[in-house]
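# Observations on the three-dimensional arrangement
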Amino acid sequence: MPEYPPLTPEEQATLDQLTYQQAMADWETAETARLAELALLAPLDDCGELEAMITALGSIADAALSDDLKERAGRVKKIVSLDLKVLFDRRAALEIPTPQPEAPPE
């Protein structure tokens with residue numbers, strides 16, 4: 001493998017600046033995608049608290065007089081507990097922005 005001479009301070013500064021510019025471009029792309037996905041999940045804001053919903057569905061299933069209503073409430077509770085929880089968790093993760101890359105020292 002050939003050996004290369006060390007970079008001059010000016011070359012190193014240029015390399016650092018170009019690396020930072022690429023990191024910022026990558027960050028901006030990822031941040032735009034994060035915000036777009038977060039916007040898609042915004043309707044979940046109107047659903048209220050997930051745990052309260054699960055508790056309410058459990059109460060309905062326990063108190064239901066008909067087997068049909070018990071089964072329906074139980075199925076909905078299962079779906080909410082599993083699938084909707086995944087969406088709520090994803091939304092919570094997306095609410096945390098990724099830190100911007102640090103600029104190179106001047």
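Everything below is about the structure printed above this text.
The residue count restarts for each chain, going from 1 along the sequence in the order it is written. Two thresholds apply to this predicted model, a pLDDT of at least 70 for residue-level local features and 80 or more for giving and counting side-chain atom pairs, whereas whole-chain, interface and lining totals are computed over all residues. To get the side-chain values, take all heavy atoms of the structure and skip hydrogens and water.

### Let's talk about the pattern of salt bridges
Note on definitions: salt bridges are taken to be side-chain nitrogens of Lys or Arg within 4 Å of carboxyl oxygens of Asp or Glu. All told, the structure shown has five salt bridges when counted by the stated rule. Lys85 is the salt-bridge partner of Asp89, the closest N and O atoms lying 2.9 Å from each other. A residue pair is termed a helical-turn pair when its members lie 3 or 4 positions apart in one helix, as Asp89 and Lys85 do in helix H3 (residues 67-94) at four residues. Secondary structure follows DSSP: runs of H or I at least 4 residues long count as helices, runs of E at least 2 residues long count as strands, and numbering of each begins at the N terminus.

### A look at helix H1 (residues 9-40)
For the α-helix, the turn length of 3.6 residues means that residues three or four positions removed from each other point alike. Each helix should span, by expectation, one fewer than its residue count multiplied by 1.5 Å. Helix length check: H1 (32 residues) gives 46 Å between terminal C-alpha atoms against 46 Å at 1.5 Å per residue, within 8%. The buried label applies to any residue whose accessible area, calculated with a 1.4 Å probe on protein chains only, is under 20% of its type's maximum; exposed applies above 50%, and partly exposed to all values in between. Those residues of H1 lying buried are Met24, Trp27, Glu31 and Arg34. Should any heavy atoms of two residues lie within 4.5 Å, those residues are considered in contact. Residues of H1 that are buried in the fold lie against H3.

### What about the packing of helix H2 (residues 50-63) against H3?
Lines fitted to C-alpha atoms define the axes, with helix axes restricted to the stretch in contact, and inter-axis angles between N-to-C directions lie between 0 and 180 degrees. Where H2 contacts H3, the axes come no closer than 8 Å and their chain directions differ by 165°. As summarised for this structure, H2 and H3 are arranged roughly antiparallel, according to the angle between their axes. Two packed elements cross with a definite hand, and for H2 against H3 that hand is left-handed. Contacts between H2 and H3 pair Leu50, Met53, Ile54, Leu57, Gly58, Ile60, Ala61 and Asp62 from the former with Lys70, Ala73, Gly74, Val76, Lys77, Val80, Ser81, Leu84, Lys85 and Phe88 from the latter. Partitioning the contact of H2 with H3 into residue classes produces eleven nonpolar, three polar and four charged. Reported orientations rely on four angle classes, namely roughly parallel under 35 degrees, roughly antiparallel over 145, roughly perpendicular from 65 to 115, and oblique for the rest. A crossing counts as left-handed when the near helix is turned anticlockwise from the far one by less than a right angle, and as right-handed when that turn is clockwise. Residue type decides the class: Asp, Glu, Lys and Arg count as charged, Ala, Val, Leu, Ile, Met, Phe, Trp, Tyr, Cys and Pro as nonpolar, and the leftover types, Gly among them, as polar.

### A few points about the packing of H1 against H3
Two numbers describe how H1 lies on H3: the axes approach to 10 Å, and their chain directions differ by 140°. One way to sum up the angle between H1 and H3 is to call them oblique. H1 and H3 meet at a crossing whose hand is left-handed. Contacts from Arg34, Glu37 and Leu38 of H1 reach H3 at Arg90, Arg91 and Leu94. Residue composition of the contact of H1 with H3, by class: two nonpolar, no polar and four charged.

### Points about the nonpolar core
If you look at the biggest cluster of nonpolar residues, it comprises nine residues: Leu41, Leu44, Leu50, Ile54, Leu57, Val80, Leu84, Phe88 and Leu94. For this core, the elements supplying multiple residues, two or more each, are H2 and H3. With four residues, H3 is the largest single contributor of residues to this core. Excluding its chain neighbours within four sequence positions, the residues that come into contact with Phe88 are Leu44, Cys47, Gly48 and Leu50. Within this scheme, the nonpolar core is defined by two criteria: the residues are buried Ala, Val, Leu, Ile, Met, Phe, Trp, Tyr or Cys, and they are joined through side-chain atoms within 4.5 Å.

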